[in-house]
Amino acid sequence: PQTYYNLYLLHNQMNNTAKANHYKSLLLSEFPSSQYAQIILDPNYMQAVNKASKEIDDYYLLTYQYFNNQQYEVCLNRIYDADSLFTNNHIQPKFDLLKAFALGKTTELKDYKEALQAVVDNHSGSQEAVKAKEIIEFIEESEVPEIVVQNNILSFDYEPNANHFFFI
């Protein structure tokens, strides 16, 4: 579709209307639901796409601010709402990793690891999946036999001469 679209544009610029219309017809008949077909059919299509993309980005930034302000429940609710608000979410991996982080602050370590693993499974190859995998490996390679996390408080018995590990 991109090739047909570029040929359409090229022939339009060269005032070769017959060739431009030929590639336009090919694009619309072979790839009617492609983004390039939508651009030809609706000149305002890209503005609408950019507007929707900005809405998602703005929504994510505000959700991330709630996370940074330690308002984890609000953050999680916004993440769950995003699934129904944005059907074509181009930053879904970011939402899912943020969800894992918020769950890590509000639930047990097991739930945190499961949420991180979901990011790895559902978004393989993304930066977020790589980060989630690194965190999972770090947790699993830890020498601490048992870690209990409740409401972001690490509980342990203090032994002055023992090794202590801190997670940041």
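The model shown is predicted, which means the values in this text are computed figures rather than measured ones.

Caption draft 1: Structural context of helix H2 (residues 17-30). Here H2 is 14 residues long and its end C-alpha atoms lie 20 Å apart, about the 20 Å a rise of 1.5 Å per residue gives. Elements that come into contact with the buried residues of H2 comprise helix H1 (2-13) and helix H3 (35-41).

Caption draft 2: Main features of the packing of aromatic side chains. Taken as a whole and judged by the stated rule, the model has 11 aromatic pairs. Measuring from ring centre to ring centre gives 6.3 Å for tyrosine 5 and tyrosine 8, while their planes differ by 35°; the resulting arrangement is tilted. Linking tyrosine 5 with tyrosine 8, this pair stays in helix H1, spanning three residues, or about one helical turn. Relative accessible area serves as the criterion here: at 15%, tyrosine 8 is assigned to the buried category.

Caption draft 3: Seen up close, the side chain of aspartate 96. Among the secondary structure elements, aspartate 96 is positioned in helix H6 (residues 92-106). For the buried aspartate 96, which has no salt bridge, the nearest side chain bearing the opposite charge is lysine 99, at an N-O separation of 5.3 Å. Here histidine 123 takes part through its side chain, which lies 2.5 Å from a polar atom of the side chain of aspartate 96. In contact with aspartate 96, not counting residues within four places along its chain, are Val119 and His123.

Caption draft 4: Molecular detail of the environment of alanine 37. Of note, alanine 37 is situated in helix H3. Assessed through its relative accessible area of 0%, alanine 37 is described here as buried. Residues alanine 37 and tyrosine 5, 32 residues apart in the sequence, show an inter-C-alpha distance of 7.8 Å. When neighbours within four sequence positions are excluded, alanine 37 is seen to be in contact with Leu27, Leu28, Phe31 and Pro32.

The rules we used
- Residues numbered from 1 in each chain as written.
- Predicted model: local features only at pLDDT ≥ 70, side-chain atom pairs only at ≥ 80, totals over all residues.
- Heavy atoms only, no water.
- Helix = DSSP H or I, 4+ residues; strand = E, 2+ residues; numbered from the N terminus.
- Expected span 1.5 Å × (residues − 1).
- Contact = heavy atoms within 4.5 Å.
- Phe/Tyr/Trp six-rings, centres within 6.5 Å; stacked < 30°, edge-to-face > 60°.
- Buried < 20%, exposed > 50% of the residue type's maximum accessible area, 1.4 Å probe, protein only.
- Lys, Arg positive; Asp, Glu negative; His and termini not counted.
- Salt bridge = Lys/Arg side-chain N within 4 Å of Asp/Glu carboxyl O.
- Polar contact = N/O pair within 3.5 Å; in protein donor to acceptor, adjacent residues only side chain to side chain.

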